[in-house]
Structures are given as structure tokens and as C-alpha cells.
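Examining the three-dimensional arrangement
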Amino acid sequence: MRVGIITFHFAWNYGAVLQCLALSETLKKMGHEICVINYRPRYHVNQYSVLRNPIYYGGKAASKYKKSCTAKYLFAYLKGFISAIYSWRNYALYKKINKKFHQFTETWLCETLLYRNLAELREHPPDCDIYICGSDQIWNTTFTNGKLDPAYLLGFGPEQITRFSYAVSANSLENYDFTQAEQELLRKFHSVSLREEEYYPLLRRLLDANTEIHIDVDPTLLLDENAYEKYMDQSISEKEPFLLLYTMNNEMRAKVYQAAHILSKQTGFMIIDISNSVDLMCDEKYSNRICSPAEFLWYVKHSEFLLTNSFHGTVFSIIFEKNFVTMPNLDTGNRITEFLGKLNLSSHCTVDIETALLCFYKKINYSAAKMLISDLRKKSIEYLEKNTLI
């Protein structure tokens, strides 16, 4: 079967790219022909532009104010506008990041022709037998311009095509007001697979009673450590043992860096930061690396200890059986806490710096966790096999 996958495959984010790769490779092993639907809507592309569009960022900053609140609206707009222009000083860094991610996706993902908007996708839909949406946060409206994007609800292509999701993250939908059109698109799904169990009741209310809802592992967990060796950059060499930092920009980032700084003083290990955050590049306390997904894999595998607030930072620590601590976002860290709870590794998840430091000295016995992952992986592969048999 020819299977089309639609997800956030083009983001400058290791997890976004690697989850798409892992799902593609898993389906290929089942004998399917895979294409990644190259859907790059403007609202998302603007976030990964080498030169940020000041008009877009001005409008985005002002969007929370009504235009009737003229002063607040104009102030927010100008602040966003100026911030975008100010970011142009980092042009060389953004260009380097973009090149590294582009080379990786071009090498390992089989993309369709480019679709810039939903209209283009509906006018010339990919020729497939099956459409899959997922994984990643494609149903999180924070990332889709404040509302669900019909493209990520598979609202394109002929009616007879089999449609289902895989391990979609639905953060932010608890209070979302679904339109009739969005509900109708969901009801066309052959089955629905979520990554977080807490959203099961919400989807159950929206879907027909006979539509299966499954809870599945993130696609990155469908492959094991050995499988990722193929995609790893083996040319890297670091002379000293190192603590690895990989963070998202949220309220826990400062605590992660504080913990890393203290731990570096205690152990004498250098700190390497692979967050690809241009705002942190000038901090001399950390040795920054601008990495591709291939380089990310190498650094995780060869680190002494990993400190992160990222879901995929956590996942790859576990895949490579590394000692780690995760300091999750207070608002959206549920996916991390739920995942670690399933593996009985909650003791390596904390918002407290002192507890985070103790995790360095608590070595993880991965025997039990590996067995649990193996069981979860088996169930998820069975779900994919079942839903790709037409």
C-alpha cells in the first residue's frame, strides 16, 4: 500500500523530524510505500524562517487584543514587529540550523510536492491508499494558529481513502469548541490513536461509538537504539566527558540550566548545549553546538548525563539508556509525566533543583523499563498493522 503521512516533519526540532522518520521506517518494514505529505502552511513556516517576517510577528503579538483597544493593540504589534527585525542579527545562525535540518530531511524523508496551504492540498491531493496524521502535536491549537487545521484532520483527498491517526498529541483541546465541520472530519477516521491517555474521554465523546480509540507510544519508540545507528553522525568527536543540555523555551528552562551549572561544578564535567537556541549562544558558561537530528542522536548516546525539559529529550535518554533528569513544563508536561509513569521512572522527573541533582547519582536499571517499552511497542505495531490492512 502507498501510505501518506502528514505531520510537523519540517520543524527545526529533533523530535518532530525523528518521529516522522521512525513512523516512516516502521511502515516500510511492513512492506508499504511511504511518502511524507509536504504540507508547510504559512503560519507554521513563519516560525522556521531564516529571516522572520515582522508583519506576521507583529500580528501574532497583537492577536490577543481587540483592535478596539487601539493603544494596547498597537504597542503589542510594534513590539512583535521590532522583535522580528531584531532577530535578523541571527541570520547566520538560523541559516546554519535550517541547512542542517534540510539536509537530514532531504536524505531520509520521501516528501511529496510542496503544499503551501489547504487549498493546494485539496486541489492536488497525494495519490495514496491510506492517509495517516501524526504523530506530534498536530492537534494542539497552540501550534496551528489558534484552531485545528483541517489538513491535520485529513480533510483532503478522495472519500474512499482509509484515514487514521497515530499517537497524536491533543494538548490544549480540553476547552476547545469543535466546529461541526471538524467533528465531521474526525468521524471519517477509520480509527484514532492518541499519545496521551487523558484525552481519551474527550475524543470518545466526539467520535462514533464504533470508532476505535487507541493509546500508542510516540513513533520514536517504535525503533530501538540499534536502528538509530543508521541515522547517527559518527564523525563527531568530543575529547572530554560532558553533561548534555536539551531544552525547550518554557518556564522550566532556567531551572534546568541552573541544575546543570551546579552539577558541572560538582563533577568537573563540561556542559554541552544542543538546544539550538540562538538566544543562548552567547552564554560562555555553556559549550553550544548547532546540531542536525543526526548529531543530536550522537550527543545523546555519548553523554554522561542528560538534563532536559523536553518530551523527546526524555524519550531518547531512555532509548539510549542514559542517566537523565527531566524538569517538565508545569502547564504542558503531562505527556512527560504520563510517559515516565508507565515506565516506573517518575523519580527522574522533578521541578526541584535539589532533586534533579540527586538524579545524577541514582543510576537507572533499564531492565524493567525495556520490557515495558517492548510491550508498548508491540501493541502499537499491531495497531499499525491492523489499520494498514485494507
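Details of the structure are given in the entry above.
Cut-offs used in this document
- Residues numbered from 1 in each chain as written.
- Predicted model: local features only at pLDDT ≥ 70, side-chain atom pairs only at ≥ 80, totals over all residues.
- Heavy atoms only, no water.
- Helix = DSSP H or I, 4+ residues; strand = E, 2+ residues; numbered from the N terminus.
- Buried < 20%, exposed > 50% of the residue type's maximum accessible area, 1.4 Å probe, protein only.
- Contact = heavy atoms within 4.5 Å.
- Salt bridge = Lys/Arg side-chain N within 4 Å of Asp/Glu carboxyl O.

Within the secondary structure, Tyr-77 sits in helix H4 (residues 70-86). A residue is classified by how much of its surface remains accessible, and Tyr-77, at 22% relative accessible area, is partly exposed. With sequence-adjacent residues up to four places away left out, Tyr-77 is seen in contact with Ile-55, Gly-58, Gly-59 and Ala-62.

For the rest of this paragraph, the subject is the pattern of salt bridges. Counted by the stated rule, this structure contains 13 salt bridges. Linking Glu-159 and Lys-188 is a salt bridge whose minimum nitrogen-to-oxygen distance equals 3.1 Å. With Glu-159 in the loop between strand E3 (130-133) and strand E4 (162-165) and Lys-188 in the loop between helix H7 (180-186) and strand E5 (191-194), this pair connects stretches of sequence that are 29 residues apart. Taking the relative accessible area as the measure of exposure, Glu-159 reaches 57% and is therefore exposed.

Moving on, we come to unusual backbone geometry. With an omega of 0°, the peptide bond between Gly-134 and Ser-135 qualifies as cis. Assignment of secondary structure puts Ser-135 in the loop between E3 and E4. A positive phi angle, close to 50°, is found at Ala-167, a residue other than glycine. Residue Asn-276 is not a glycine yet carries a positive backbone phi of 55°. Considering the arrangement of structural elements, one finds Asn-276 in the loop between strand E8 (270-273) and strand E9 (287-288). What makes Asn-276 buried here is its relative accessible area of 12%.

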